Structure formats: structure tokens, C-alpha cells
Amino acid sequence: GYFVYGWNVAHDVVSTEYTVTSDKLADGDSFKVVQITDSHIGTTFNGKEFEKYIDEISDLNPDVIVFTGDFVDGSTTYEDMVDGCKSLGKAKSKYGVYFVFGNHDLDFFGGNRYYTDEQLINALKENNINVLQDESVLVDNKFYICGRQDATVHDRMSTDELIREVDKTKFMLLLDHQPIEYKEAEENGIDMLLSGHTHGGQLYPLAYINKLVSRNDRVYGFEQRKNTSFIVSSGISEWGFGFRTGCKSEYVVININGLR
């Protein structure tokens, strides 16, 4: 019964919804963000099967779709990687798809044996996916999407460096695969930080152990610190094997409404 439960939870992807407000948006103004993270293509679904979730997300009519890392990992084949990029490239949203890398995407602690980092980056870009590597982009003169390199990139920009040239009167959405450096985001006035990485603990009771022994500021869910909203998603798939008992498999829908 335990193993049947764990398999079903891993393969039953649900939508988790949050609503936040911001005084950087006019009253009545709003936008919808869908966050996908940690697909680890080839674990619970292959690159072609990923498309069914993309179709489901596209039907929500999001303004923007963001992917917060660990798209693939060291066991993802070249064919699955290419198919996964094609599936993600079919996502429909007003402003497109924005993507940051996680610790399993690039190098995978020594390199993916099936393809190079350059091949992965090219496959993403060929499917019109906006890859952000320590870059900030102003979207439709309304809000910024700021994408950090993963924390395993030791010379990555600090949050301060990443947003130094942006107009801080506009909403700033920060994408960072690992949920760390919350204090840095809060001190720099980031409006929302989206992360993945933890898989919500994946196996009970790892979520509780994670809180005690890891660098993560949060393992799962929503937190508000002053004017900064933090969300950690448990991810749309699993790492290592298609089994989960600690948290649900999900993609996240975020409604951001104006207050001003």
C-alpha cells in the first residue's frame, strides 16, 4: 500500500494556486504567472509526455510561464532532452517562457554523458524559450523577470548586482532554483522569489530533516517577509525515481493583483 501510494502521488500532478497583492500595480491591474520546476525529464514522464502538462498549463491562459530549474538531469537522454524542449516550447502565454538552470541541468557534477551544456542551451533557445543566466528582463514595460544562475555557480551575480540597473518601482520577480539567500532578496526589495529544488522533501519525513540540516530557507510553500513573497514548489516530477510520499507533485499558479 505504501509503494502504491507513493507511485500515485508522484504521477498525479496537481495545480497549486496562490494570490498576492502588490502596491507596484494599479488597482484592477493583474497578471498570472505559472511556475514549473524540477521536471527531471525521464523520471516520471519523458520529453513527449511532458507536453500533456504543457497543454494543461496553456489552457489556464497565463501571462507568463517560468521554469525554475532541474529541467533535466544526468540520466536524461539526448532524445528526451530535445523532446522536452519541444514540449516546453509549445507552451502558450502572453509573454512567453522564461527559464533558469538548476544544479542538475548544467555539468551535473561532472557532465551529462549524453549531451553538452551548449546542446541543451541551443535546444531551449531553438524552441523560443528565454534562458536567463544572471539576467534581468523588463516585460512589456510592466514587470521584471530576474533570473539567477544556480548556487552551484560560485561566481554568479549577487541579487544586488542582478537588479542594479532595473527600475525598482516596477514589480520584480526573481527566479532562483535553490531557496536560499532569502535575506538578500528581502533586503534588495525583491517582490517575489520563486524556487524549487527541494521536492517538498519528496519522501516523508525528509522535509522535517531538511529544515534542520540544509541551507534552504524554506522546504515548501508560501512565506511573506515584509514586502517580499517567497514560494517554493515541490516540483512537477521527482529526482532519482518516480516515487513520492512527502509532498504532492505540482505546478504553481500565482495571481498577482494590484493595490495602488
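On a predicted model such as this, the values are computed, not experimentally measured, just so you know.

1. Focus: the sheet that holds strand 8 (residues 171-175)
Phase 1: Strand order across the open sheet formed by six strands is 6-7-8-9-11-10, with mixed pairing between neighbours. The open sheet terminates on both sides in strands that have one partner only, identified here as strand 6 (135-139) and strand 10 (221-225). Ignoring which end each strand starts from, the neighbouring axes of this sheet average 20° apart.
Phase 2: Of the pairings in the sheet, the one linking strand 9 (residues 192-195) to strand 11 (residues 228-232) comprises four bridges and is parallel in character. What sits directly across from serine 195, in strand 11, is valine 232.

2. Here's the deal with the pattern of salt bridges
Phase 1: A complete count under the given rule lists 13 salt bridges for this structure.
Phase 2: The salt bridge involving aspartate 140 is made with lysine 142; its shortest N-O contact spans 3.5 Å.
Phase 3: Accessibility expressed as a relative area gives 44% for aspartate 140, which makes it partly exposed.
Phase 4: Owing to a relative accessible area of 38%, lysine 142 belongs among the partly exposed residues under this scheme.
Phase 5: Note that glutamate 238 is salt-bridged to arginine 244, the shortest N-O span being 2.2 Å.
Phase 6: A relative accessible area of 0% places glutamate 238 in the buried class.
Phase 7: The structure contains a network of salt bridges with shared partners spanning Arg148, Arg156, Asp176, Glu181 and Glu184.

3. Notes on the sheet that holds strand 3 (residues 64-68)
Sheet strands pair by backbone hydrogen bonding; their relative direction is either parallel or antiparallel.
Phase 1: Taken in spatial order, the six strands make up an open sheet running 1-12-2-3-4-5, and their pairing is mixed. The sheet is open, and its two borders are formed by strand 1 (13-22) and strand 5 (129-131), each paired with just one other strand. Along the sheet, successive strands turn relative to each other by an average axial angle of 25°, direction set aside.
Phase 2: Pairing between strand 2 (residues 30-36) and strand 3: four bridges, direction parallel. In the strand pairing of strand 3, isoleucine 36 is matched with phenylalanine 67.
Phase 3: Together, strand 1, strand 2, strand 3 and strand 12 (249-258) form the strand contacts of helix 2 (residues 50-58), whose direction differs from that of strand 2 by roughly 170°.

4. Focus: helix 1 (residues 2-11)
Phase 1: Those residues of helix 1 lying buried are Gly6, Val9 and Ala10. One side of helix 1 holds all its buried residues, which, seen down the axis, span an arc of 100°.
Phase 2: Elements that come into contact with the buried residues of helix 1 comprise strand 12.

Reading the values: rules and limits
Residues numbered from 1 in each chain as written. Predicted model: local features only at pLDDT ≥ 70, side-chain atom pairs only at ≥ 80, totals over all residues. Heavy atoms only, no water. Pairing = 2+ DSSP bridges. Helix = DSSP H or I, 4+ residues; strand = E, 2+ residues; numbered from the N terminus. Axes fitted to C-alpha atoms, helices over the stretch in contact; angles between N-to-C directions. Salt bridge = Lys/Arg side-chain N within 4 Å of Asp/Glu carboxyl O. Buried < 20%, exposed > 50% of the residue type's maximum accessible area, 1.4 Å probe, protein only. Contact = heavy atoms within 4.5 Å. Arc of directions from axis to C-beta.

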